[in-house]
Amino acid sequence: MNSETLLARIYTLDTDTPDSGTSPPRPLSAEPPRSHAADRDEAEEFVRLHHAEHPDQAVPLPARLQQIRTQIDETGTYTHTEEELTFGARVAWRNSSRCIGRLYWKSLLVLDRRDATSADEINQHLVEHLHQATNGGRIRPVISIFAPDTPDSRAPRVWNDQLIRYAGYRQDDDSITGDPAYADFTDTVRRLGWQAPGGAWDVLPWVIETDQDKPELFDVPSDAVLEVHLTHPDRPDFADLRLRWHAVPAISNMRLRIGGIDYPLAPFNGWYLGTEIGARNLVDADRYNLLPVIAEHLGLDTGSEATLWRDRALVELNVAVLHSFNTAGVKISDHHTESRHFLTHLAKEERHGRTVPADWSWIVPPVSGGITPVFHRYYDEADQRPNFYLDEDAKARGKGGCPFGHG
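The following paragraphs examine the structure supplied in this document. These figures come from a predicted structure and were not determined experimentally. Numbering of residues begins from 1 in every chain and follows the order in which that chain's sequence is written. Where local features are concerned, this predicted model is filtered to residues with pLDDT of at least 70; where side-chain atom pairs are given and counted, the filter is 80 or more; whole-chain, interface and lining totals use all residues. To get the side-chain values, all heavy atoms of the structure are used, and hydrogens and water are removed first.

**Examining the sheet that holds strand β10 (residues 250–251)**
(1) Moving on: In spatial order, the strands read β1-β2-β13-β10; together these four strands make up an open sheet with mixed pairing. Because the sheet does not close on itself, it has two edges, and the strands there are β1 (109–113) and β10.
(2) Moving on: Residue contacts follow a heavy-atom distance rule, with two residues in contact if any of their heavy atoms lie within 4.5 Å. Note on geometry: axes are lines fitted to C-alpha atoms, helical ones only across the stretch in contact, with angles between N-to-C directions running from 0 to 180 degrees. Elements are defined by DSSP. Helices are runs of H or I of four residues or more, strands are runs of E of two residues or more, and each kind is numbered from the N terminus. Sheet contacts for helix α3 (residues 82–94): β1 and β2 (142–146); angle to β1, the most-contacted strand, approximately 130 degrees.
(3) Moving on: Helix-sheet contacts for helix α4 (residues 119–134) involve β1, β2 and β13 (268–269), and the interaxial angle to β2 is about 165 degrees. Whether two strands pair comes down to DSSP finding at least two bridges between them.

Below is the structure:
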C-alpha cells in the first residue's frame, strides 16, 4: 500500500520528491482527460476485464455492455454495480505503479458511499472510515468511494490531502510549530474559522466541499485518531523528545478512475511503511527536520559529514518508529520485508499473465535502498486503468500519494 499511500503510496503518499510517498512532480500515471461524461471505450474495456476475471457474473457480458451503452447514450454516464465498484477499486491499487504494497490488493475493504450528498453525511462516513481502518491497531486497507462526477453534477471533494495531518503554525521569528508542509493549509482553515490550538501535533480539520454548498469545516474526533508516541528500545531518554505519529495514512485527494468514470473523493489507506515516518515525515527539511535534534540527543559528532551523523541518527529514528508501533500493537511494515513482499507480488501477477507497472524511484525505499531486493532490477512502466490520479485542482489544495510508500 510507494500516504503517507494510494494504492497512494496501500503504504501512504507525501512530498514532491520520488522518495516521498505523496504528491509527485508529475501525475502518478499518464493523466487521462478530465470529463464529467463517461468514456465509452474505457467503460467497455473495464467491464470486459471484470467479466474475464469474474466470469460468474449474474448479468452476461453482452447484456451488461448493452446496458452501459444505453445509459451513456441517454445520460452521458452509467452506474457501476457494487461488484464492479469493488473490483475497480482493488484493480486501481493493483495498477498503482508507485505503490510497493500491492501484494495485498485483494484485501482492500471497499465502502460504497455514493449515496452521501451532504457535507454532514460525508463527514460521518470519513469518521467511520478511520474507525474501520484503525481496527484497534490492526490496521486494514480501506477505501470509501463517494459520488462520481457526472454531466449533471460535480462530485464532492475533501480539500485535505490526507485524512490525518498535523497543523503548521508560523511564528513571529519565521519558525514553524508543527508540520511546515501544512503551514499554508493551516492558514487556510484558520481563515475559514478553525480555532487552532497552536501545538506541534494538532490534527487539521477536514474541509468538505459539495456541489450544492460552500466548503465546511469539520474537526476530526480524537477517538478516530490513533497516535503512537515514539520510544527507543535501547535509549529510555528518547521518549524525552516527545515525538509521535498517527497510525493510519489515508490519502484523500486522489481521483479514482474506473471504467471511464471519475471518483474525485475516494479516500484510501493501508498501514505505514516505517520509512515514511522515520525517513520522510519527521526528517525532510521541509517537514519536521528532526535529524539535527536527534543527533544532538544521541550525542553524535555533527562537526563533519564524514562522521555519518545523519545516517546514524536516521537509522536510530527508524528503529524507534518500528519499535514504538510494534510495542503499541499498531501494524507497520519495515522496508526490507515489504521489498521482498513486492517481489512476491510481481511473481504472482506474472503467473496470471499480467504486467506489473512500477516506478523504480518510488518502489526503492529511502533507507538502505541498495541492500533491498527491489533495487537490483528493472520494471515495466505502463498506464493501466482502473487507477488513481492526482488532479491539478487537488494538487493546489495539498499533496497526494500511495498509502504504502515513502512519505
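**Some words on the nonpolar core**
(1) Moving on: In this text, buried Ala, Val, Leu, Ile, Met, Phe, Trp, Tyr and Cys residues form a nonpolar core when linked through side-chain atoms within 4.5 Å. Working definition: with a 1.4 Å probe on protein chains only, accessible area under 20% of the residue-type maximum means buried, over 50% means exposed, and in between means partly exposed. With 85 residues, the main nonpolar core has Ile143, Ile145, Leu256 and Leu282 as its most contacted residues.
(2) Moving on: The dominant element in this core, judged by the number of residues it contributes, is helix α8 (residues 309–328), at seven residues.
(3) Moving on: Not counting the four nearest positions on each side in its chain, leucine 282 is found in contact with Trp201, Leu230, Trp245, Ile277, Tyr288, Asn289, Leu290 and Leu317.
(4) Moving on: The next biggest cluster of nonpolar side chains, apart from the first, holds 10 residues, and it includes Leu273, Phe342, Leu346 and Ala358.

**Details of helix α6 (residues 274–281)**
(1) Moving on: Among the eight residues that make up α6, eight are buried, leaving the element largely enclosed by the rest of the structure.
(2) Moving on: Taken residue by residue, α6 has Gly274, Thr275, Glu276, Ile277, Gly278, Ala279, Arg280 and Asn281 as its buried positions.
(3) Moving on: For α6, the secondary structure elements touched by its buried residues are β9 (244–246), β14 (272–273), α8, β15 (332–333) and α9 (335–351).

**Quick notes on unusual backbone geometry**
(1) Moving on: A cis amide bond links arginine 385 with the next residue in sequence, proline 386, at an omega value of 5 degrees.
(2) Moving on: Mapped onto the elements, proline 386 comes out in the loop between α10 (360–363) and β16 (387–389).
(3) Moving on: A positive phi angle is found at asparagine 289, which is not glycine, with a value near 50 degrees.
(4) Moving on: Along the polypeptide, asparagine 289 turns up in the loop between α6 and α7 (291–298).
(5) Moving on: The exposure class of asparagine 289 is partly exposed, given its relative accessible area of 36%.
(6) Moving on: Its identity as a non-glycine residue notwithstanding, serine 368 has a phi of 55 degrees, on the positive side.
(7) Moving on: Turning to its location among the elements, serine 368 is positioned in the loop between α10 and β16.

**A few points about the pairing of β1**
(1) Moving on: Relative to β2, β1 runs parallel, the two sharing five bridges. In the strand pairing of β2, leucine 109 is matched with valine 142.
(2) Moving on: Handedness of a crossover is defined as follows: with both strands directed away from the viewer, a clockwise route from the first strand across the helix to the second makes it right-handed. Once you follow β1 into α4 and on to β2, the crossover reads as right-handed.

**With respect to the environment of tryptophan 360**
(1) Moving on: Mapped onto the elements of the fold, tryptophan 360 is located in helix α10.
(2) Moving on: Classification of tryptophan 360 as partly exposed rests on a relative accessible area of 36%.
(3) Moving on: Measuring from C-alpha to C-alpha, the distance between tryptophan 360 and tyrosine 379 comes to 6.8 Å, with 19 residues separating the pair along the chain.
(4) Moving on: Leaving out residues up to four positions away in the same chain, tryptophan 360 has contacts with Val374, Phe375, Arg377 and Tyr379.

**Considerations on the pairing of strand β6 (residues 206–209)**
(1) Moving on: Side-chain alternation along β6 places Trp206 and Ile208 on one buried face and Val207 and Glu209 on a second face that is also buried.
(2) Moving on: Here strand β3 (residues 157–158) pairs with β6 via two bridges, running antiparallel. Across the sheet, residue valine 158 finds its bridge partner in β6, namely isoleucine 208.
(3) Moving on: Bridge count between β6 and strand β7 (residues 216–218): three bridges; the pairing is antiparallel. Residue pairing for β7: valine 207 is matched across the bridge by leucine 217.
(4) Moving on: The turn linking β6 back onto β7 is made up of six residues.

**Some thoughts on the packing of aromatic side chains**
By convention here, two paired aromatic rings are described through the distance between centres and the angle between planes.
(1) Moving on: Only Phe, Tyr and Trp rings take part, Trp by its six-membered ring, and two of them pair if their centres are within 6.5 Å. Stacked means planes under 30 degrees apart, edge-to-face means over 60, and tilted covers everything else. Here the structure, examined in full by the defined rule, presents 11 aromatic pairs.
(2) Moving on: Considering the side-chain rings of phenylalanine 46 and phenylalanine 87, the 5.9 Å spacing of their centres and the 35 degrees angle between planes classify their relative orientation as tilted. With a gap of 41 residues between them, phenylalanine 46 in helix α1 (residues 40–53) and phenylalanine 87 in helix α3 connect regions that are remote in the sequence. Phenylalanine 87 shares its class with phenylalanine 46; the two are buried.
(3) Moving on: Three or more aromatic residues joined by ring pairs make a cluster, and in this case those are Tyr166, Trp201, Trp245 and Tyr288.
(4) Moving on: Only lysine NZ and arginine CZ atoms are considered, and such an atom sits over a ring when it is within 6 Å of the ring centre and within 35 degrees of the ring normal. One Lys or Arg, arginine 94, reaches over the ring of tryptophan 105 and ends 4.7 Å from the middle of that ring.
(5) Moving on: The ring centre of tryptophan 271 lies 4.5 Å from the NZ or CZ of lysine 331, which sits over that ring.

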